[in-house]
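# Coordinates in review
The chain contents come next:
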Amino acid sequence: MEKTLSIIKPDAVKKGVIGKIIDRFESNGLRIAALKKVWLSRQNAEAFYAIHKSRPFFKDLVEFMTSAPIVAIVLEGENAVAKNRELMGATNPKEAKSGTIRADFADSIDANAVHGSDSVENARIEIAQLFGSFEIL
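Residues numbered from 1 in each chain as written. Predicted model: local features only at pLDDT ≥ 70, side-chain atom pairs only at ≥ 80, totals over all residues. Heavy atoms only, no water.

A positive phi is found at N79, a non-glycine position, where the angle reads about 50 degrees. Residue position: N79 is located in the loop between β3 (70-77) and α5 (80-88). The backbone of A113 shows a phi angle near 75 degrees, a positive value even though the residue is not glycine. Inspection of the secondary structure assignment puts A113 in the loop between α6 (101-105) and β4 (114-116). For A113, a relative accessible area of 0% corresponds to the buried category. (Helix = DSSP H or I, 4+ residues; strand = E, 2+ residues; numbered from the N terminus. Buried < 20%, exposed > 50% of the residue type's maximum accessible area, 1.4 Å probe, protein only.)

Below, the structure written as structure tokens:
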């Protein structure tokens with residue numbers, strides 16, 4: 001079974017919609033293989049988003065991701081990466097299809113409720129950054 005990483009971001013955690021988002025995953029055939037609520041340190045957030053280090057939004061992204069707790073989830077299922085990305089919707093919630101997580105719960109392109117791995121390879125890397133192998137069941 002394919003695995004992917006989803007992060008419920010600080011804005012969605014603050015809104016209290018964790019359960020509603022998790023229900024979207026489970027109702028659409030994705031199984032939760034691991035889940036934890038954590039508060040990322042600056043160092044953790046910078047390492048996680050290192051691929052964006054040279055981009056102008058990097059500092060604001062790190063600030064945002066360390067502003068409150070997140071919920072990190074390993075999802076498992078057939079075509080889990082593609083399914084999660086479909087459920088999330090477009091990065092900009094104004095462009096996200098009705099019924100997607102971002103259309104329903106995100107406020108802006110920056111506070112867009114969720115992160116999802118964009119490939120199987122990146123999912124492996126991202127999962128390893130946030131979870132030990134013993135935490136994935």
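Alright, that's what it looks like, and here's the rest.
This paragraph deals with helix α7 (residues 120-130). Of the residues making up α7, those classed as buried are A123, E126, I127 and L130. End-on, the buried residues of α7 take up no more than an arc of 100 degrees, which puts them together on one face. The outward face of α7, more than 90 degrees from its buried face, is lined by the exposed residues R124 and A128. If you follow the buried residues of α7, they end up packed against β1 (2-8), β2 (31-38), α3 (42-48), β3, α5 and β4. (Arc of directions from axis to C-beta. Contact = heavy atoms within 4.5 Å.)

In this fold, T100 is placed in the loop between α5 and α6. Given the relative accessible area of 9%, T100 is considered buried. Among all residues touching T100, those that are not within four sequence positions of it are R24, E86, L87, M88 and G89.

In spatial order, the strands read β2-β3-β1-β4; together these four strands make up an open sheet with antiparallel pairing. Lying at the two open borders of the sheet, with one neighbouring strand each, are β2 and β4. Averaged over all adjacent pairs, the angle separating strand axes in this sheet is 20 degrees, with direction ignored. Judged from the seven bridges that link them, β1 and β3 form a sheet pairing that is antiparallel. Following the sheet pairing, K3 is matched in β3 by E76. (Pairing = 2+ DSSP bridges. Axes fitted to C-alpha atoms, helices over the stretch in contact; angles between N-to-C directions.)

Take the layout of surface pockets next. Space inside the largest pocket adds up to approximately 690 Å³. If you trace the largest pocket, you find 27 residues lining it, with Y49, H52, F57, L61 and H115 closest to the centre. Among the secondary structure elements, those contributing two or more residues to the lining of the largest pocket are α3, α4 (58-65), α5, β4 and α7. In terms of residues, the lining of the largest pocket owes the most to one element, α7, which gives four residues. (1 Å grid on protein atoms, 1.4 Å probe; cavity = no way out; pocket = protein on both sides within 12 Å on 5 of 7 lines; lining within 4 Å. Points joined across faces, edges and corners; volume = space filled by probe spheres on them.)

The values are spatial; any link to function lies outside them.
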